[in-house]
Structure formats: structure tokens, C-alpha cells
Amino acid sequence: MEPAASVIVPVRNGGRDFATLVEALAAQTLPRERFEVVVGDDGSTDGATDGIETEDGWLRVLRGPRLNSYAARNRAAQAARSRTLAFCDADAIPDSAWLEAGLAALDNADVVAGLIRFVLPERLTVWSFLDMDMFLDQERAVRTGRAVTANLFVRRDLFEEVGAFDESLPNTGDFDFV
């Protein structure tokens, strides 16, 4: 049976953050048999994705050479089995109702971008603040016709029609895609 959603996660050396994401996905209110998690590993060397694949295929890892997160997302999206792609980042901690809410919002749209809340790092830097203000303000991004893949739902046919993410871009490829 086709899953209602394929969660697409790029990761490179995800460490503890990635393990926390997997726990949060396992705790979704959408039943586990209704979605899959497809990880695009972008040349990790820390072992974060080693041995995490599940026998039932709920979580799969597609390893590739170190290029960038957009190549990893494309690799995972290509292997996804659902007509709905739910993108999140390896350091995200989605709310337990994240998938249900995103799928419901997608009933009336082709692309949905959701709220991103921040957990401030222990050591704040000017770069932390700039990243949050310039790139991760999802509400402002949506108002200007952009969005980031930390919380993005898109219909697979539209993803393929647009042509996936531009793998030549080192960053802001999600803005470019949306």
C-alpha cells in the first residue's frame, strides 16, 4: 500500500540531532504504517545513519557522495513511494501532529510551508541570529513566495514537473525550488 507521505531528510554527520529527529518521527500521530522516512545521506562519516534502517522499510537510507543537501534530498525523493513529499531537516524536531497537519493543509494546495520554531544553541553567535532572521523565518519567506525545506510539503508530481532541487547550488536551493 502506498504511504500517505514520504518524509525526506538529508543528513551529513547528523549525530545526536538526527537521532532526536528519528524519535520525533516515530512519535507522530499519523500511524507509522501510513508514512515512510527516506534519508538521503550526503557522505556522512560519523555513523549517524549506520544500522538505522528498519526491516519493514519504514526508514530507509540512500547513501551518496558528499555533494550537498539538495543532491541528498533529490536522491531520497526519487526513491520515495508516496505522492506526497514531506521535507524536514536532520536537526528538526517536528511536533507530534506535524505530518497530519501538513497532509491536511495539502488538501487545498500543491505546496505547503509550515512554521519553524528555534531551539537556540548553547553558544549563540551572530551567525545563529542571521540564519534565523534571513533564512529560517518561514512566515516571511512564504509571504515573498519562498520557503525552506525544514518544513515543506509538496505533491510529488509538482516536484518532478519543476525538476527537483538544483544540485549545483551550495545553499538557498529550497528558495530557488519554491
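Located above this text is the structure these notes cover.
So, how was this worked out
Residues numbered from 1 in each chain as written. Predicted model: local features only at pLDDT ≥ 70, side-chain atom pairs only at ≥ 80, totals over all residues. Heavy atoms only, no water. Helix = DSSP H or I, 4+ residues; strand = E, 2+ residues; numbered from the N terminus. Buried < 20%, exposed > 50% of the residue type's maximum accessible area, 1.4 Å probe, protein only. Lys, Arg positive; Asp, Glu negative; His and termini not counted. Salt bridge = Lys/Arg side-chain N within 4 Å of Asp/Glu carboxyl O. Contact = heavy atoms within 4.5 Å. Pairing = 2+ DSSP bridges. Axes fitted to C-alpha atoms, helices over the stretch in contact; angles between N-to-C directions. Phe/Tyr/Trp six-rings, centres within 6.5 Å; stacked < 30°, edge-to-face > 60°. Lys NZ or Arg CZ within 6 Å of the ring centre and 35° of its normal.

The next thing to look at is the side chain of arginine 75. Secondary-structure assignment places arginine 75 in helix 2 (residues 69–79). One buried charged residue, arginine 75, forms no salt bridge at all, with the nearest opposite charge on aspartate 42 at 4.5 Å. Those residues in contact with arginine 75 that lie beyond four places of it in its chain are Gly40, Asp41, Asp42, Leu62, Arg63, Gly64 and Pro65.

On the secondary structure map, arginine 73 appears in helix 2. Non-local contacts of arginine 73, meaning those with residues more than four positions away in its chain, are made with Ile8, Pro10, Phe87, Asp89, Thr149 and Phe165.

Now for the pairing of strand 6 (residues 151–155). Where burial is concerned, most of strand 6 is hidden: four out of the five residues are buried. As paired elements, strand 4 (residues 84–88) and strand 6 share five bridges and run antiparallel to each other. Each residue of the ladder has a partner; that of cysteine 88, found in strand 6, is asparagine 151. In the sheet, strand 5 (residues 111–113) pairs with strand 6 via three bridges, with the strands oriented antiparallel. Residue pairing across strands places valine 111 opposite valine 154, the latter belonging to strand 6.

On to the sheet that holds strand 4. Sheet architecture is open: six strands sit in the order 3-2-1-4-6-5, paired in mixed fashion. In the strand order of this sheet, the two ends are held by strand 3 (59–64) and strand 5, each with one partner. Averaged over all pairs of adjacent strands, the angle between their axes in this sheet comes to 20°, without regard to strand direction. Packing against the sheet, helix 1 (residues 15–26) makes contact with strand 1 (5–11), strand 2 (35–42), strand 3 and strand 4, and its axis sits at approximately 170° to strand 1.

On inspection of all chains with the given rule, the structure shows eight aromatic pairs. Here the aromatic rings of phenylalanine 35 and tryptophan 58 are separated by 5.7 Å at their centres, their planes lie at 75°, and the arrangement is edge-to-face. With phenylalanine 35 in strand 2 and tryptophan 58 in the loop between strand 2 and strand 3, the pair connects residues that are 23 residues apart, well separated along the chain. Neither phenylalanine 35 nor tryptophan 58 differs from the other in exposure class; each is buried. Between phenylalanine 87 and phenylalanine 159, the aromatic rings sit 5.8 Å apart at their centres with planes inclined by 35°, giving tilted as the arrangement. With phenylalanine 87 in strand 4 and phenylalanine 159 in helix 6 (residues 156–162), this pair connects stretches of sequence that are 72 residues apart. Owing to a relative accessible area of 5%, phenylalanine 159 belongs among the buried residues under this scheme. Within the aromatic cluster, the residues linked to one another by ring pairs are Tyr70, Phe87, Phe159, Phe165 and Phe177. Above the plane of the ring of phenylalanine 165 lies arginine 73, whose end atom (NZ or CZ) is 6.0 Å from the centre.

Residue placement: alanine 150 occurs in the loop between helix 5 (138–143) and strand 6. Between the C-alpha atoms of alanine 150 and leucine 115, which are 35 residues apart in sequence, the distance is 9.1 Å. Apart from the residues within four sequence positions on either side, alanine 150 is in contact with Phe87, Cys88, Asp89 and Ile116.

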